[in-house]
Amino acid sequence: MGRAFLVYFLAILALWSVSVVKAEDAYKYYTWTVTYGTAAPLGPSQQVILINGQFPGPTLDTVTNDNIILNLINKLDQPFLLTWNGIKQRKNSWQDGVLGTNCPIPPNANYTYKFQTKDQIGSYTYFPSTLMHRAAGGFGAINVYARSVIPVPYAKPDGDFSLLIGDWFKTSHKGLQQILDSGKPLPFPEGILINGQGRPSFSGDQEVEGSHVLQNIYDSLDIHVGQSVTVLVTLNQAPKDYYIVASTRFTQTVLTATGVLHYTNSQVPVSGPVPAGPTNEVYPNSWTAILVSLDNQGMWNMRSAMWGRQYLGQQFYLRVYNPTQSYANEYDMPSNALLCGKAVGEKHP
Ligand SMILES: *[C@@H]1O[C@H](CO)[C@@H](O)[C@H](O)[C@H]1NC(C)=O
């Protein structure tokens, strides 16, 4: 009797926790198709990589702990793979979308990623992780919004915008790959794009009483290659149009891209010279120490975010290992994993 009761109780507990997990951690389903297309980000038309017809690709809007089920269909003439940059992939290096843990998706094939935005909040990016595809598009923004029950230390913003800023070549990704394969360095990029465009525009209402809790107030932000940040912008200035400026640092030629921030009650178009970036005083010929806590078991790719260097081999894999095999530490290889190389024809583990 006592034993039956205990079992019954445990079963109820188990059911209860399953339903809680379902209610809290939504499942979101996506189908993304990757194709070539044309765009003219710097003037002349050129081949780019589209996702669902878009360049840059669609924004992946998620909430903390969402389960993402994303079927990626490759219609390119080369194997393709996306990585989710900044998503921690807890216990789940199998979904990191890099060659060490995922086989690339062959042309006319697909792979369904399954991962969770576990305990995260913020803005991140996804991009192609193989060959030089990243230089042709296929990238986009990932937003992980806070769950409604989690308080954030500022008023709910009126809107939010993702700005994907990156350098751009008029040469195709295959042309760039040929340059690297022939032992030559990549040329200096021809421009900088914001959201795949020359001058995108963003509109917002003036905030007369705009205030928020913030530890730091910035006039400009240094964002290094491969990094992403989330910032609050308060529209408490005179109602005009303003430049949004992204410029390179530590380069002999400074490339600049501008966007426009438009106050909805503005009558004044943006004009005049673009403000200069911060002066060049600190990082070149310097060094940095990296402190990482290895708390996520799996096989992880450490790489240069300068993509030409990554392509040429400035990368390695770091295995975070625990001798005790347990689902508490690491999930199994997914049953739909694509097999490649020597694993072709092997049985799934
Ligand atoms: C490819 O897509 C189909 C659904 O169209 C899905 O059932 C299958 O699991 C996907 N393949 C992989 C390897 O994920």
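Below is a summary of the structure that appears in this document. (Residues numbered from 1 in each chain as written. Predicted model: local features only at pLDDT ≥ 70, side-chain atom pairs only at ≥ 80, totals over all residues. Heavy atoms only, no water.)

1. Concerning a nonpolar patch on the surface
Together, Tyr 218, Leu 221, Ile 223, Val 229, Val 231 and Val 233 give the surface a local cluster of nonpolar side chains, amounting to about 550 Å² of exposed area. On the secondary structure map, Val 233 appears in the loop between β11 (201-204) and β12 (241-247). (Patch = residues over 30% accessible without salt bridge, like charges linked within 9 Å, V, L, I, M, F, W, Y side chains within 5 Å. Areas by Shrake-Rupley, 256 points an atom, 1.4 Å probe, with all protein chains shown as cover. Salt bridge = Lys/Arg side-chain N within 4 Å of Asp/Glu carboxyl O. Helix = DSSP H or I, 4+ residues; strand = E, 2+ residues; numbered from the N terminus.)

2. Some thoughts on unusual backbone geometry
Here the bond from Phe 55 into Pro 56 is cis, since omega is -10 degrees, no more than 30 degrees from zero. With respect to the helices and strands, the residue Pro 56 is situated in the loop between β2 (46-51) and β3 (60-63). A positive phi is found at Gln 89, a non-glycine position, where the angle reads about 50 degrees. The residue Gln 89 is located in the loop between β5 (82-85) and β6 (110-116) in this model.

3. Examining the sheet that holds β2
Taken in spatial order, the four strands of this open sheet run β2-β1-β4-β6, and their pairing is mixed. Of all the strands in the sheet, the pair left with one neighbour each is β2 and β6. Averaged over all neighbouring strand pairs, the angle between strand axes comes to 20 degrees, with direction disregarded. (Pairing = 2+ DSSP bridges. Axes fitted to C-alpha atoms, helices over the stretch in contact; angles between N-to-C directions.)

4. Here we look at the layout of surface pockets
Estimated volume of the second largest pocket: approximately 480 Å³. What lines the second largest pocket is a set of 21 residues, among which Trp 94, Gln 297, Gln 325, Glu 330 and Tyr 331 lie closest to the centre. Secondary structure elements with two or more residues in the lining of the second largest pocket: β14 (298-303) and β15 (315-320). Broken down by class, the residue content of the lining of the second largest pocket amounts to nine nonpolar, nine polar and three charged. (1 Å grid on protein atoms, 1.4 Å probe; cavity = no way out; pocket = protein on both sides within 12 Å on 5 of 7 lines; lining within 4 Å. Points joined across faces, edges and corners; volume = space filled by probe spheres on them. Nonpolar A, V, L, I, M, F, W, Y, C, P; charged D, E, K, R; others polar.)

5. Notes on the site of the ligand
Residues in close proximity to the ligand include Asn 71, Asn 110, Tyr 111, Thr 112, Asn 336 and Leu 338, which together make up its full environment. Between Thr 112 and the ligand, the recorded distance is 2.8 Å, taken from a backbone N or O atom to an oxygen atom. With respect to the ligand, the side chain of Asn 336 contributes an N or O atom lying 2.9 Å from an oxygen atom. Taken by itself the ligand offers 360 Å² of open surface, and the protein chains cover 48% of this. In terms of residues, the shell around the ligand owes the most to one element, β6, which gives three residues. (Near = heavy atom within 4 Å. Polar contact = N/O pair within 3.5 Å; in protein donor to acceptor, adjacent residues only side chain to side chain.)

6. Thoughts on the sheet that holds β12
Ordered by their spatial adjacency, three strands build an open sheet running β11-β13-β12, and the pairing between neighbours is mixed. For this open sheet the edge positions go to β11 and β12, each flanked by a neighbour on one side alone. With strand direction ignored, the average angle separating the axes of adjacent strands in the sheet is 25 degrees. Two elements, β11 and strand β13 (residues 256-263), share four bridges in a ladder whose sense is parallel. Within the sheet, the bridge partner assigned to Ser 201 lies in β13 and is Val 260.

7. What to know about the packing of aromatic side chains
Each aromatic ring pair is summarised here by two numbers: the centre-to-centre distance and the angle between the ring planes. Under the counting rule described, the total for this entry stands at 12 aromatic pairs. In this structure an aromatic cluster arises from ring pairing among Tyr 30, Trp 32, Trp 84, Tyr 111, Tyr 113, Phe 115 and Tyr 126. Over the ring of Phe 127 we find Arg 134, and its NZ or CZ is 3.8 Å from the ring centre. (Phe/Tyr/Trp six-rings, centres within 6.5 Å; stacked < 30°, edge-to-face > 60°. Lys NZ or Arg CZ within 6 Å of the ring centre and 35° of its normal.)

8. Comments concerning the side chain of Gln 310
Considering the arrangement of structural elements, one finds Gln 310 in helix α3 (residues 307-311). Its relative accessible area of 5% is what places Gln 310 among the buried residues. Ignoring any residue separated from it by four or fewer positions in sequence, one finds Gln 310 in contact with Ser 129, Arg 303, Ser 304 and Gln 315. (Buried < 20%, exposed > 50% of the residue type's maximum accessible area, 1.4 Å probe, protein only. Contact = heavy atoms within 4.5 Å.)

9. Details of the pattern of salt bridges
All told, the structure shown has five salt bridges when counted by the stated rule. Lys 174 is the salt-bridge partner of Asp 77, the closest N and O atoms lying 2.5 Å from each other. Of the two residues, Asp 77 is situated in the loop between β4 (67-74) and β5 and Lys 174 in helix α2 (residues 173-181); the sequence distance between them amounts to 97 residues. The class of Lys 174 is partly exposed, set by a relative accessible area of 30%. Here Arg 249 makes a salt bridge to Asp 222, at a shortest N to O gap of 2.6 Å. Of this pair, Arg 249 sits in the loop between β12 and β13 while Asp 222 sits in the loop between β11 and β12, placing them 27 residues apart in sequence. Among the residues examined, Asp 222 registers a relative accessible area of 30% and is labelled partly exposed.

10. A few points about the nonpolar core
Formed by 24 residues in total, the largest nonpolar core has its most connected members in Trp 32, Leu 70, Leu 72, Leu 82, Trp 84, Tyr 113 and Ile 142. Secondary structure elements with two or more residues in this core: β1 (27-39), β2, β4, β5, β6, β7 (122-128) and β8 (140-145). For Leu 70, the contacting residues outside a window of four places in its chain are Tyr 30, Trp 32, Leu 60, Trp 84, Tyr 111, Thr 112 and Tyr 113. Ala 39, Val 48, Leu 164 and Leu 180 belong to the second largest nonpolar core, which has 16 residues in total. (Core = buried A, V, L, I, M, F, W, Y, C linked by side-chain atoms within 4.5 Å.)

11. Describing α2
Among all positions of α2, only His 173, Gly 175, Leu 176, Gln 177 and Leu 180 are buried. Its buried side turned inward, α2 meets β1, β2 and α3. Note on α2: the residue one or two positions beyond its end, Gly 183, has a positive phi of about 90 degrees.

12. Examining the environment of Ser 247
Topologically, Ser 247 is positioned in strand β12. Counting along the chain gives 10 residues from Ser 247 to Ala 257, while the straight-line C-alpha distance between them is 6.4 Å. Beyond its immediate sequence surroundings of up to four residues, Ser 247 is in contact with Val 254, Leu 255 and Thr 256.

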